[in-house]
Amino acid sequence: MVGANPASVSRSRPQLVALLLLFLTNLDNIKEVLAAGQPSGHLGTGLRGILATASSSSHLVLHHRTVLSAAATAQAQALEQPGETAAAAAAATAAAAIADDPDDADAGSDVPDLPAAVPAAVACAPVLRLSKGFTAAAAAAASITWPGCSTPSNRLVWMPQRCGSSLQALQYAAVYAISNQTKLLARSSINGAPCVLTRAASSQALTSQLLSPSCGTAPLAARSLPVMVCAAAAADPCFGSTPQASTVTATMRLVTPVRCPSTGELIRLLDYSGKPCGPGSKFTQWFQGTSRSGCRINAASLAAVLRVTSSTPQTAARALELAKASSDVFGSCGVPPALAVALPQNLTCSFAAGPLVGNGNGSGSGSPEMPKTAVKAGGQVAAPLQRIGVGVDGQVADLSRIADEQQVTVAVVDSGIDRTHPDLNVVGGKSWVTASALFSNDTDWGVDYYAHGTQVAGIIAARNNGARFVGISPGAPLFALKVFNGNGKGSWSSIFQAIEWVIAEGRQQYNIRVVNLSLEISPLGNIDPNEPGYTDVYAMACGLMARADAAGVLVVVSAANNGVSLRTSFPAVCQSTAAVTALNYDVSKPLHSSNFLEAAANDTEKAHIFAAPGSNIPTTQPMDYGSQTDDPNDIGTYFISGTSAAAPFVAGVAANCLMSGACAQSSSGSDIISKLQEAARERAVQQPASGFSGDPMTPNADFAGRYYGYLVWSKW
């Protein structure tokens, strides 16, 4: 049982095997609390302790609740609506570019306002937004040096192209400087050249800062730009059915009239011609427009008007203008023209909620994903969940559209789960807890005096019901495996029996495929792996985890909060588990309290390590705990910290992977780990800014020699 004093127990081999201390691992590092002024969270005090300490901690919790609400509100409002965009520049500049001379444009054209800055919270771009361009946050824009172009009188506008195997990612291959006064393409104050930056025609020093280094990545100087395309929405123009011909047509009134290259007449209506493009020919590339008077506009006529020839001294400058004019008039594959945003880009009207492939920043790879639905009014997706890609576009997983045979159950080995909580779908449970005088019905798996199990469960699967906070896999079936009593004490044998039951019965009877262990079985403190008895403990604990793995069950475990190597932490050290380290609230660096793996460990040892948010995570708690604040809406809500909070992030993502079909139903636990690692690395490589300081891509001297893993990505 927990409660023995480690200092008073000698570390003999028999005792190491027979006496395993059990700790719930949701304790913050005290240094983090003092430095950040954050509440320590639920410190395992039990019901009486919570009541006793409420007066000293509730005001801190309320402060963080306020911050969370403000952040959630800001992120919900962050995605700009189509309209206030770089169509101002695109429309006016296109009108100028295809006139007899670029400087002869009709300055009186009716053009929209220039775009506002795109906040960092915007993780995907609607299709209708792509042709309109994006601007960086003011602070980032002010720091850019583009001689003659990045001046206070101009605004920089980044133009994206779709890329990736499914055209679901974005790459910024051009940036324009637009005059705030004329709303036309600016010219350099140094040499009069058009302020258009492309990789082919610009210096490497500039392009390395202002253009995307690769598909699915934002420019270094404008990291807030979205790097993925949102899913097709009902508002997106489409053809309704797959066209039978190789060429598609549509008639569109232009945002701004253009001049016919041959006659000079102003054209306001064009009959567009396009062709299928992209993977599976699902998208459209427009290539020609014909007026009712018979004037044809295409790439060749634009080149002739702009006099782009090898003998022209201004060929390079004219070529840049041609590229922009062509983009404005014809767009690119899957991206509508700025002058005709409503042109259909999807050949069929197949709408799905959420990003096309994957959530959050990253390119995705065309694998299946969960059906999505909007976050219901009154509900929130907390900022830490959004940081791993949950709800970043206002959409979360919709399990009601998952077939029964595809749904999986997540077991929580802990202190029970409050079966009365309206936000949790608790489908059953078992208990290994014995009755006590203090907690008369503590043997009931649906009663959670200690609260820890209910808190863990909410992060995994709190419902999208318009109340409180939404979990990673909203409404997923939960199964309580109760091994801790109302004081948070339990035996290692109970934990092992719970895992044995899942292997023997739970896997088949309830389709339990994921087990969350936000706990540590520690052999009398921090034990060197070379110490006597370590091998026996390893064989016993990791042997059981390997059997669960072979049975198709992923065991997700917290790395523990001792700030030392997780080689000393069981079962986190077991390579057939997914071991999870914890990051601070804004997911910018690890918690110093979190255990870690040595950076010198081999790839096999690192392959099962993940990082996840682990500070002040809002979640569920037993309904009879009341409210932490005077707000009755807070009843049933708590904020939890440490690696206990981090582990359920991975458990929820794993459940979604299985239910989406991205992880095969026949997968072993190790297969699921590999799939999650592949996704986490993909996002980190494609979008380094999505990670944290101290991850494998971004060294941090404060965490030198420590490996915390890649940040888990809720891709599905």
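Here the structure is a predicted model, which means the values were calculated and not measured.

Undergrad: Which parts of the structure should I look at to understand the sheet that holds strand β5 (residues 248-259)?
TA: Hydrogen bonds along the backbone pair up the strands of a sheet, which may run parallel or antiparallel. Strand order in the open sheet made by the four strands is β5-β6-β7-β8, with antiparallel pairing throughout. Here the strands that pair on one side only, and so sit at the sheet edges, are β5 and β8 (296-298). Averaged over neighbouring strand pairs, the angle between their axes works out to 40° when direction is ignored. Where β5 and strand β6 (residues 266-277) come together, eight bridges link them in antiparallel fashion. Across the sheet, residue T249 finds its bridge partner in β6, namely S273.

Undergrad: What should I look at first to understand the state of the cysteines in this one?
TA: By definition, a disulfide links the sulfur atoms of two cysteine residues through a covalent bond. Taken as a whole and assessed by the stated rule, the structure comprises five disulfides. Between the sulfur atoms of C260 and its disulfide mate C295 the distance is 2.0 Å. In this structure, the disulfide formed by C260 and C295 twists by about 100° around the S-S bond and is classed as right-handed. Separated by 35 residues along the polypeptide, C260 in the loop between β5 and β6 and C295 in the loop between β7 (283-290) and β8 bring together distant segments of the chain. Like C295, C260 is buried. Across a sulfur-sulfur distance of 2.1 Å, C277 and C333 are joined as a disulfide pair. On the S-S bond that ties C277 to C333, the torsion sits near 105°, and the link is right-handed.

Undergrad: What's the story with the sheet that holds strand β11 (residues 409-414) in this structure? I'm lost.
TA: In spatial order, the strands read β12-β13-β11-β14-β16-β17-β19-β23; together these eight strands make up an open sheet with parallel pairing. Of all strands in the sheet, those with a lone pairing partner are β12 (426-431) and β23 (710-711), marking the two edges. Judged from the four bridges that link them, strand β14 (residues 512-517) and strand β16 (residues 554-558) form a sheet pairing that is parallel. The residue of β16 that forms the bridge with V514 is L554.

Undergrad: Is there a simple way to explain the side chain of S415 in this structure?
TA: Topologically, S415 is positioned in the loop between β11 and β12. Among the polar contacts listed, one links the side chain of S415 to the backbone nitrogen of H452, at a separation of 3.4 Å. Beyond its immediate stretch of four places on either side in the chain, S415 contacts V447, D448, Y450, A451, H452, G453, K482 and F484.

Undergrad: Even after reading the chapter, I still don't get the packing of aromatic side chains, so can you show me in this structure?
TA: Given two aromatic rings, their pairing is described by the distance between the two centres and the angle made by the two planes. Counted according to the given criterion, the structure contains 13 aromatic pairs. Ring centres of F479 and Y510 lie 4.6 Å apart, and the angle between their planes is 50°; on these two criteria the pair is classed as tilted. On the criterion of sequence distance, the pair formed by F479 in strand β13 (residues 478-482) and Y510 in the loop between α12 (492-509) and β14 is long-range, its members being 31 residues apart. You can call F479 buried: its relative accessible area is 1%. Counting every residue linked through ring pairs, the aromatic cluster contains Y272, W286 and F330. Taking NZ or CZ as reference, K275 lies 6.0 Å from the ring centre of F287, over its face. For the cation-ring pair, K430 lies above W432, with the distance from its terminal atom to the ring centre recorded as 5.7 Å.

Undergrad: Honestly, the nonpolar core in this entry has me stumped. Any pointers?
TA: Soluble globular proteins tend to bury their nonpolar side chains together. Residues L478, V556, F649 and L676 are the most contacted members of the largest nonpolar core, which totals 68 residues. The greatest single-element share of this core, amounting to 12 residues, is contributed by helix α15 (residues 643-660). Residues L481, V515, C574 and I609 belong to the second largest nonpolar core, which totals 43 residues.

Undergrad: It is not clear to me how the pattern of salt bridges should be interpreted in this structure. Could you clarify?
TA: Oppositely charged side chains can form a pair if their charged atoms are brought close together. Applying the stated criterion across every chain yields a total of nine salt bridges. A salt bridge links R567 to E598; the shortest N-O distance between them is 2.8 Å. Here E598 lies in strand β18 (residues 597-598) and R567 lies in the loop between β16 and β17 (578-583), a separation of 31 residues in the sequence. Close ionic contact of R567 with E605 constitutes a salt bridge, the shortest N to O distance being 2.7 Å. A residue pair is termed long-range when its members are at least 10 positions apart, and R567 in the loop between β16 and β17 and E605 in helix α14 (residues 603-606) qualify at 38 residues. A relative accessible area of 22% places R567 in the partly exposed class. You can call E605 buried: its relative accessible area is 17%. Overlapping salt bridges, with partners in common, bring together R567, E598 and E605 in one network.

Undergrad: Can you help me understand the packing of α12 against helix α13 (residues 534-550) in this one?
TA: In contact at an axis separation of 9 Å, α12 and α13 are set at 20° when each is read in the N-to-C sense. One way to sum up the angle between α12 and α13 is to call them roughly parallel. Crossing geometry of α12 relative to α13 is assigned as left-handed. Contact with α12, carried on its side by W492, F496, I499, E500 and I503, involves M540, A541, L544, M545, R547 and A548 of α13 and no other residues of that element.

Undergrad: What is the right way to look at the packing of helix α11 (residues 452-461) against α15 in this model?
TA: Two numbers describe a pair of packed helices, the interaxial angle and the distance between the axes. Running from N to C, α11 and α15 point in directions that differ by 40°, and their axes come no closer than 8 Å. Of the possible angle classes, the one that applies to α11 and α15 is oblique. In the packing of α11 onto α15, the handedness of the crossing is right-handed. Residues H452, V456, I459 and I460 of α11 touch α15, and the partners they reach there are S644, A645, P648, F649, A651 and G652.

Undergrad: In this structure, what is going on with the environment of Q687? I would like to understand it.
TA: Here Q687 shows up in the loop between α16 (669-686) and β22 (706-707). Measuring from C-alpha to C-alpha, the distance between Q687 and T217 comes to 4.9 Å, with 470 residues separating the pair along the chain.

Undergrad: What exactly am I supposed to notice about the UniProt feature "active site" (unreviewed entry) in the chain here?
TA: According to UniProt, the "active site" (unreviewed entry) feature falls on D414, H452 and S644. These annotated residues cover 231 residues of sequence, but their C-alpha atoms sit close together, with the largest distance between any two at 10.5 Å. Tracing the chain through its elements places D414 in strand β11. With relative accessibility at 0%, the residue D414 sits in the buried group. For S644, the position within the fold is in helix α15.

Undergrad: Is there a simple way to think about α11 in this case?
TA: For an α-helix, 3.6 residues make a turn, and residues three or four places apart therefore share a direction. Burial analysis of α11 places 10 of its 10 residues in the buried class, which makes it a mostly covered element. The set of residues buried in α11 consists of H452, G453, T454, Q455, V456, A457, G458, I459, I460 and A461.

Undergrad: Which parts of the structure should I look at to understand α12?
TA: Its 18 residues give α12 an end-to-end C-alpha distance of 24 Å, which sits within 8% of 26 Å, the value for a rise of 1.5 Å per residue. At V502, α12 is bent by approximately 50°, the largest bend along its length. Within α12, burial applies to S494, I495, F496, A498, I499, W501, V502, I503, G506 and R507. Of the residues flanking the end of α12, it is N511, one or two places downstream, whose phi is positive at about 50°.

Undergrad: For this particular structure, what's the right way to read the pairing of strand β21 (residues 637-640)?
TA: Along any regular strand the residues' side chains alternate between the sheet's two faces. Across the two faces of β21 the burial is the same, with T637 and F639 and Y638 and I640 all buried. Summarising the sheet, strand β20 (residues 617-620) and β21 pair through four bridges and their orientation is antiparallel. Bridge pairing in β21 places P618 opposite F639.

Reading the values: the criteria
- All residue numbers refer to position in the chain's written sequence, counted from 1.
- For a predicted model such as this one, the threshold for reporting local features is a pLDDT of at least 70, and the threshold for listing and counting side-chain atom pairs is 80 or more; totals across whole chains, interfaces and linings nevertheless cover every residue.
- As a rule here, side-chain values come from all non-hydrogen atoms in the structure, and water together with hydrogens is ignored.
- Strands qualify as paired when DSSP identifies two bridges or more between them.
- In this text, helices come from DSSP runs of H or I with a minimum length of four residues, and strands from runs of E with a minimum of two, each type numbered from the N-terminal end.
- Interaxial angles span 0 to 180 degrees and are taken between N-to-C directions of axes, which are lines fitted to C-alpha atoms, for helices over the stretch in contact.
- Throughout, disulfides are identified as pairs of cysteine sulfur atoms within 2.5 Å of each other.
- A simple rule labels every residue: compare its accessible area, found with a 1.4 Å probe on the protein chains alone, to the largest value its type can have, and call it buried under 20%, exposed over 50%, or partly exposed in between.
- Any pair of nitrogen or oxygen atoms within 3.5 Å is treated as a polar contact; in protein, a donor-acceptor pairing is required on top of that, and neighbouring residues in sequence qualify only through side-chain atoms on both sides.
- Between two residues, a contact is recorded if the distance between any of their heavy atoms is within 4.5 Å.
- Only the six-membered ring of Trp is used, alongside the rings of Phe and Tyr, when aromatic pairs are assigned; centres must lie within 6.5 Å, and planes under 30 degrees apart are stacked while those over 60 apart are edge-to-face, with the rest tilted.
- Criterion for a charge above a ring: Lys NZ or Arg CZ within 6 Å of the ring centre, and within 35 degrees of the ring normal.
- The definition of a nonpolar core used throughout is a set of buried Ala, Val, Leu, Ile, Met, Phe, Trp, Tyr and Cys residues joined through side-chain atoms within 4.5 Å.
- Salt bridge, as applied in this entry: a Lys or Arg side-chain nitrogen positioned within 4 Å of an Asp or Glu carboxyl oxygen.
- For classification purposes, an angle smaller than 35 degrees is called roughly parallel, one larger than 145 roughly antiparallel, one from 65 to 115 roughly perpendicular, and anything else oblique.
- Here is the rule for handedness: rotate from the far helix to the near one, and if that takes an anticlockwise turn smaller than a right angle the crossing is left-handed, while a clockwise turn gives right-handed.
- UniProt positions are given in the numbering used here, feature names are shortened, and annotations may be inferred rather than shown by experiment.
- Multiplying 1.5 Å by the helix residue count minus one yields the expected span of that helix.
- To get the bend at any residue, fit one axis to the seven residues that end at it and another to the seven that begin at it, then take the angle between the two axes.

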